[in-house]
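If you want the building blocks of each chain, they are given just below.
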Amino acid sequence: MDSEEKFESLSHKKYILIKGARVNNLKNIDVFIPRNKLVVITGVSGSGKSSLAFDTLFAEGQRKYVESLNSYIRQFLGKLEKPDVDYIKGISPAIAIEQKVGSVNPNSTVGTITEIYEYMKMLFTRIGETISPISGEKVTRDSVTSVVDWICSFPDGEKVIITYFLKIKEGRTLADELRILLGKGFTRVVINGEFVSIEELLEENVHLTESAIEVLVDRVSVSREEGWVFRVSDSIQTAFYEGEGRCSVDILGIIKKEFSDVFERDGMVFEEPSLNFFSFNNAYGICKKCDGKGSFIGIDENLVIPDKSLSVAGNAVDPWNKEKHKKWFSTFMKNALNVQFPLLSPYNTLTESEKKILWQGDSKFEIEGIDSFFKGLEQDAYYNSYDRTFFMKYKNKIVCPDCNGSRLRKDAGYVKINGTSLIDLCMISIDSLSAFFDNLVLREYDKKVSYRILIEIQQRLQYLRYVGLGYLTIQRSANTLSGGELQRIKLSTALGSALVGSLYVLDEPSIGLHPKDTVNLVQVLKKLRDIGNTVVVVEHEEEVMRASDSIIDIGPDAGVLGGNLVFQGVWDDLLQEKKSHTGRFLSGKDCIEVPKRRRKWDSSVDIYDARENNLKNIHVKIPLHIMTVITGVSGSGKSTLVKQILKPALEKNAGRNPDIIGKYDRIVVNPHRILQVEMVDQNSIGVSSRSNPVSYMEAYDAIRVIFSDQPLSKQQNFYPGMFSFNVLGGRCETCMGEGFIKIEMQFMADVKITCEECNGKRFKEAILGVTYKEKNIYEVLNMTVDEAIEYFSDKKNILGKLKPLQDVGLGYLRLGQPSSTLSGGEAQRLKLAYFITEKKNYENTFFIFDEPTTGLHFHDIKKLMKALNILVDMGSTVLIIEHNVEVIKCADWIIDLGPEAGEKGGHICFQGTPENMILLENNHTAHFLKQKLIEKK
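Draft legend 1. Quick peek at the sheet that holds strand E17 (residues 415-417). Here 3 strands make up an open sheet; going across it, the order is E6-E17-E18 and the pairing antiparallel. In this open sheet, the two strands that pair with only one neighbour each are strand E6 (129-130) and strand E18 (420-421). Bridging between E17 and E18 involves 2 bridges; their strand directions are antiparallel. What sits directly across from Ile 417, in E18, is Thr 420. On the sheet, helix H5 (residues 116-127) packs against E6, E17 and E18 and is oriented at approximately 95° with respect to E17.

Okay, structure coming up:
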């Protein structure tokens with residue numbers, strides 16, 4: 001039986017059958033995916049993996065879902081195109097979990113995405129206790145029922161007096177109030193324990209203060225009769241109403257007690273907990289100081305005191321070192337002696353009370369601190385441009401001190417469960433949060449009220465830990481997450497939904513994971529499979545492939561040289577497949593070579609006492625002019641060290657004004673060794689369809705000139721700008737050069753349909769009539785980089801711009817491919833290609849790469865390492881945040897953080913060469929690195 005007959009004989013009840021897939025570069029391939037199994041689709045970057053998984057398989061599942069909707073909705077969606085495939089049988093409802101970098105909504109957090117925060121708000125609303133910050137006592141509100149119950153706790157027959165204090169309203173006299181009381185039916189008041197008739201008081205015209213008078217509401221004896229309870233309840237209700245929320249009950253001869261139905265304690269009135277009270281997306285719940293942003297522009301301690309190892313006498317306070325402001329320094333020094341302030345002690349050794357004196361001063365001893373200095377400077381800055389510039393030098397985005405970055409109103413922190421507030425829980429790691437709820441001890445009533453809520457919270461937290469995100473906090477903003485982190489959050493949400501019989505299509509969920517954490521990810525994928533789902537994963541990670549039930553390898557190469565089904569089967573058979581790059585690397589027939597020598601270094605950037613987030617006052621030496629890798633388990637502190645401390649500190653050192661700088665004491669760097677800092681991250685190069693590789697690489701201008709020089713262009717006076725879809729002239733004006741029309745949908749996501757005027761070609765017909773080497777501008781933009789290099793082989797100015805794309809493994813990208821369709825890894829490598837373009841000099845540039853292997857096959861990592869080495873050979877410094885062992889083994893120097901994530905991380909575990917690292921015991925990175933270096937030997 002040949003392969004065609006075998007495919008036709010398969011049952012769509014056991015397999016998802018894809019016949020004749022031709023989307024993008026797929027070469028009419030037939031693929032069968034076993035149902036309820038874990039299936040990995042792999043292959044080199046650009047081979048067609050995503051075309052098969054997302055553009056074919058998921059797109060057809062989505063299209064069939066739309067067909068199930070009613071005719072009214074389908075009239076808007078009827079133009080959704082069917083994937084270019086003969087047929088797909090046996091497809092289940094499909095859910096795609098793609099890799100996208102960050103979120104456009106700044107108010108979206110880990111807690112809101114997973115709904116953990118919503119359940120926590122509900123929990124604190126229902127069983128949270130408001131604690132007074134003054135006395136530490138619980139804040140309560142008395143009710144009619146609670147007062148009646150208190151009275152009933154006394155024996156029958158006891159005499160009860162119910163009163164409230166009389167208050168004289170503005171504009172009235174005591175006599176006015178007494179007459180109003182008579183009108184309401186009250187007849188007596190109590191003065192110093194004596195009952196006095198209101199009429200008598202009016203006749204005698206006695207002058208008394210309002211606090212001395214209580215209005216008698218009722219006099220009763222304790223009883224258990226039903227009518228008595230109604231009478232007392234009505235009297236207490238009246239007393240609360242007339243007494244503006246307060247009443248007094250006197251059990252004669254035993255006790256007198258005041259009650260209030262106002263939520264107050266210690267003279268403070270508190271807000272009662274509600275869902276909106278804990279919402280930072282609601283005007284009622286946001287912090288009023290920072291307007292719910294979590295931070296604001298203010299005086300930054302790190303800018304005012306850049307070197308915390310200096311003393312105040314040793315010029316630690318930077319603005320006081322300037323000649324114009326030295327009088328502040330002298331005055332502070334003189335007056336500080338009166339309180340024995342330690343002027344010679346380093347700033348980082350001062351106590352909190354001593355720092356308070358330095359910043360806030362002490363009016364008793366006429367000490368004016370840093371805050372007073374800047375307050376005066378701010379007033380002068382209104383009139384003086386010099387002072388205004390000087391003042392702005394020390395301002396930066398700082399964490400709001402009122403809400404501690406939680407964005408919630410300050411009094412939300414008064415509501416606590418077991419002594420812990422919601423704000424406190426938002427600031428701790430998911431690992432710690434999970435432990436808090438696991439060990440939560442509640443009263444029986446609270447257990448019943450919160451039982452279902454706690455189950456939902458604990459399950460979601462457990463799933464986040466399963467996917468290796470236990471180091472995050474639920475308050476972490478979604479737009480600060482990497483693509484891999486965001487994808488794994490969505491994966492944990494999918495687990496929590498407990499859907500069965502579905503098709504999950506995932507895009508490299510191992511992105512951003514240390515090999516240690518990938519083991520846990522595999523268990524999550526298996527769990528999703530085991531509850532009755534088909535899980536299709538686009539992946540390069542060896543551990544995931546090894547655990548799969550079936551592997552599909554697309555290739556053998558990228559772009560036009562890819563799109564074929566190279567292999568389909570199990571792990572053992574893949575290792576024997578000679579045509580597969582994947583099989584060759586996994587079997588050891590091909591490999592990424594370990595450098596023959598490690599570069600030496602003689603200078604470094606030194607950071608002292610880095611302590612932002614979970615960093616434990618570490619001292620880090622980062623060598624210059626070599627390739628250094630910072631690694632460690634996910635959540636160990638790598639991004640905090642590099643993105644929040646090193647990068648902004650270097651930018652500040654280079655004269656720029658960075659965003660928030662993390663906490664550290666000082667940085668030592670030779671300014672002549674680092675002239676500029678370049679962060680090459682995974683953020684998109686642009687958000688619109690107009691941004692693309694050919695324009696980013698500055699090659700589009702030369703291509704437009706070529707087309708404007710053609711005879712037909714000169715006849716019709718076409719200038720270079722007319723071959724651009726960004727300006728008026730040659731672009732299609734119906735779609736404004738987009739190639740599609742966007743239909744806004746109120747009830748679901750906006751729909752993009754191909755422009756009928758230009759059929760998606762973006763240009764006018766006359767422009768498309770101009771050709772160069774038998775291709776028009778649309779066809780050129782639709783070429784892959786590999787095809788374009790051959791096409792423009794005689795144009796050196798264009799080749800010099802495009803060749804670097806090929807060098808970093810992006811030869812499969814189309815020249816005009818919208819940047820919004822690029823993955824984070826592709827966007828990062830596109831930036832790298834720009835930096836290694838010919839005739840660019842980056843000597844003494846400090847490059848920072850954030851996981852550049854994202855989305856890369858072994859075959860492409862080999863190309864990437866060559867490109868990174870080019871930068872180092874040009875005289876640059878390359879620092880890489882990375883988990884991939886293939887990159888780590890090629891580094892000249894390794895800095896390993898850990899040993900674990902979150903609070904258990906933040907230490908320097910190792911600094912040195914790979915050869916020295918593998919000598920370590922009980923080190924997660926060393927364990928996996930040892931396998932690679934020993935394999936090589």
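From this point, things continue past the structure.
Draft legend 2. Seen up close, the environment of Phe 329. Turning to its location among the elements, Phe 329 is positioned in helix H11 (residues 326-336). A C-alpha to C-alpha distance of 9.2 Å links Phe 329 and Pro 319, two positions 10 residues apart in sequence. The residues contacting Phe 329, other than those within four sequence positions of it, are Val 312, Ala 313, Asn 315 and Trp 320.

Draft legend 3. Structural view of the side chain of Lys 932. You can see Lys 932 is positioned in helix H35 (residues 924-936). We classify Lys 932 as buried; its relative accessible area is 17%. In this structure, Lys 932 is in contact with Glu 542, Val 885, Glu 886 and Lys 889, ignoring residues within four places of it in sequence.

Draft legend 4. Structural view of the packing of aromatic side chains. Applying the stated criterion to the full structure yields 32 aromatic pairs. Note on Phe 707 and Tyr 772: the rings are 6.4 Å apart at their centroids and 70° apart in plane angle, and the pair reads as edge-to-face. You can see Phe 707 sitting in helix H25 (residues 700-708) and its partner Tyr 772 sitting in the loop between helix H27 (765-768) and helix H28 (777-781), a full 65 residues away along the chain. When its relative accessible area of 0% is taken as the criterion, Phe 707 is described as buried.

Draft legend 5. Representation of the nonpolar core within the structure. By size, the foremost hydrophobic cluster in this structure holds 143 residues, and its most contacted members are Phe 437, Ile 703 and Ile 777. When residues of this core are assigned to their parent elements, the largest contribution, 8 residues, is made by helix H32 (residues 858-873). Among all residues touching Ile 777, those that are not within four sequence positions of it are Tyr 700, Ile 703, Phe 707, Phe 723, Phe 763, Ile 767, Leu 768 and Val 770. Core analysis: the second largest hydrophobic core is formed by 56 residues, Phe 390, Leu 641, Ala 649 and Ile 667 among them.

Draft legend 6. Unusual backbone geometry, seen in detail. Omega for the peptide link from Gly 555 to Pro 556 comes to 5°, which places this bond in the cis form. On the secondary structure map, Pro 556 appears in the loop between strand E21 (550-555) and strand E22 (564-569). Following Gly 898, the chain continues to Pro 899 via a peptide bond in cis, the omega torsion being 5°. Tracing the backbone through its elements, the reader meets Pro 899 in the loop between strand E32 (893-898) and strand E33 (907-912). In this model, Asp 266 sits at a positive phi of 55°, which is unusual for a non-glycine residue. Even without being glycine, Arg 762 reaches a positive phi, approximately 75°. Mapped onto the elements of the fold, Arg 762 is located in the loop between strand E29 (751-754) and H27.

Analysis parameters
- Residues numbered from 1 in each chain as written.
- Predicted model: local features only at pLDDT ≥ 70, side-chain atom pairs only at ≥ 80, totals over all residues.
- Heavy atoms only, no water.
- Pairing = 2+ DSSP bridges.
- Helix = DSSP H or I, 4+ residues; strand = E, 2+ residues; numbered from the N terminus.
- Contact = heavy atoms within 4.5 Å.
- Axes fitted to C-alpha atoms, helices over the stretch in contact; angles between N-to-C directions.
- Buried < 20%, exposed > 50% of the residue type's maximum accessible area, 1.4 Å probe, protein only.
- Phe/Tyr/Trp six-rings, centres within 6.5 Å; stacked < 30°, edge-to-face > 60°.
- Core = buried A, V, L, I, M, F, W, Y, C linked by side-chain atoms within 4.5 Å.

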